[in-house]
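Read off the chains here:
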Amino acid sequence: MATTITKDNLAEETKAGLVFVDFWAPWCGPCKMMDPVLEQLENDYGDRIKFGKLNVDHNQDLAMNYKVMSIPSLVLFRDGKAVEKITGLYPKEKLAAYLDKKLAAHA
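Since the structure is predicted, the reported quantities are computational estimates derived from the model, not experimental observations.

On to helix 4 (residues 92–106), then. Over its 15 residues, helix 4 extends 21 Å from the first C-alpha to the last, a length consistent with the 21 Å expected when each residue adds 1.5 Å. Taken together, the buried residues of helix 4 touch strand 2 (18–24), helix 2 (29–45), strand 3 (50–55), strand 4 (73–78) and strand 5 (81–87).

On the UniProt side, "active site" (unreviewed entry) is annotated at positions that read Cys-28 and Cys-31 here. Mapped onto the elements, Cys-28 comes out in the loop between strand 2 and helix 2. Aside from chain neighbours lying at most four places away, what touches Cys-28 is Ile-71 and Pro-72. Mapped onto the fold, Cys-31 is located in helix 2. Overall, Cys-31 belongs to the buried group, its relative accessible area being 2%. In this view, Cys-31 contacts Trp-24, Ala-25, Ile-71 and Pro-72; residues no more than four positions away in its chain are not counted.

If you walk through the whole model with that rule in mind, you get 4 aromatic pairs. Taken together, the ring pairs in this structure connect Phe-20, Phe-51 and Tyr-98 into an aromatic cluster. Between the NZ or CZ atom of Lys-53 and the centre of the ring of Trp-24, over which it lies, the distance is 4.9 Å.

With that settled, consider the environment of Leu-95. Assignment of secondary structure puts Leu-95 in helix 4. Assessed through its relative accessible area of 1%, Leu-95 is described here as buried. Each C-alpha atom of the pair Leu-95 and Leu-41 lies 8.1 Å from the other, and the pair is 54 residues apart in sequence. Apart from residues lying up to four places away in sequence, Leu-95 is in contact with Phe-20, Met-34, Val-37, Leu-38, Leu-41, Leu-74, Ile-86 and Tyr-90.

Moving on, we come to the state of the cysteines. Going through the model one piece at a time under the given rule, you end up with 1 disulfide. A sulfur-sulfur distance of 2.4 Å marks the disulfide that ties Cys-28 to Cys-31. The sign of the 80° torsion about the S-S bond sets the Cys-28-Cys-31 disulfide as right-handed.

Another aspect to go through is unusual backbone geometry. A cis geometry characterises the amide bond from Ile-71 onward to Pro-72, with omega recorded as 0°. At Asp-79, a position not held by glycine, the phi torsion is positive, near 50°. Under the relative-accessibility criterion, Asp-79 is labelled partly exposed at 42%.

Calculation rules
- Residues numbered from 1 in each chain as written.
- Predicted model: local features only at pLDDT ≥ 70, side-chain atom pairs only at ≥ 80, totals over all residues.
- Heavy atoms only, no water.
- Helix = DSSP H or I, 4+ residues; strand = E, 2+ residues; numbered from the N terminus.
- Expected span 1.5 Å × (residues − 1).
- Contact = heavy atoms within 4.5 Å.
- UniProt positions renumbered as here; feature names shortened; annotations may be inferred.
- Buried < 20%, exposed > 50% of the residue type's maximum accessible area, 1.4 Å probe, protein only.
- Phe/Tyr/Trp six-rings, centres within 6.5 Å; stacked < 30°, edge-to-face > 60°.
- Lys NZ or Arg CZ within 6 Å of the ring centre and 35° of its normal.
- Disulfide = S-S within 2.5 Å.

Here it is as structure tokens:
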């Protein structure tokens, strides 16, 4: 289960390794479509990548800080720093290939 990320725990939850944070909102249709994809990826990669979810309605300051202009946006953190952001709806295979590249680069 993805960790709920807020301004209170963002630094702690992203400080080590790779963390993939989903910036979403409950009213966002594409966000709801991404949920099962992210759950499957978490099942596949959960031992190597931490997954988090950040509700932009409750954390607008963080969304602005990471320049999230549309959702869903997925921000990859490496050892506490946001290194990349991808926005939009992606199929599982494309995200898996992306995560495989990031794991290889991080190793």
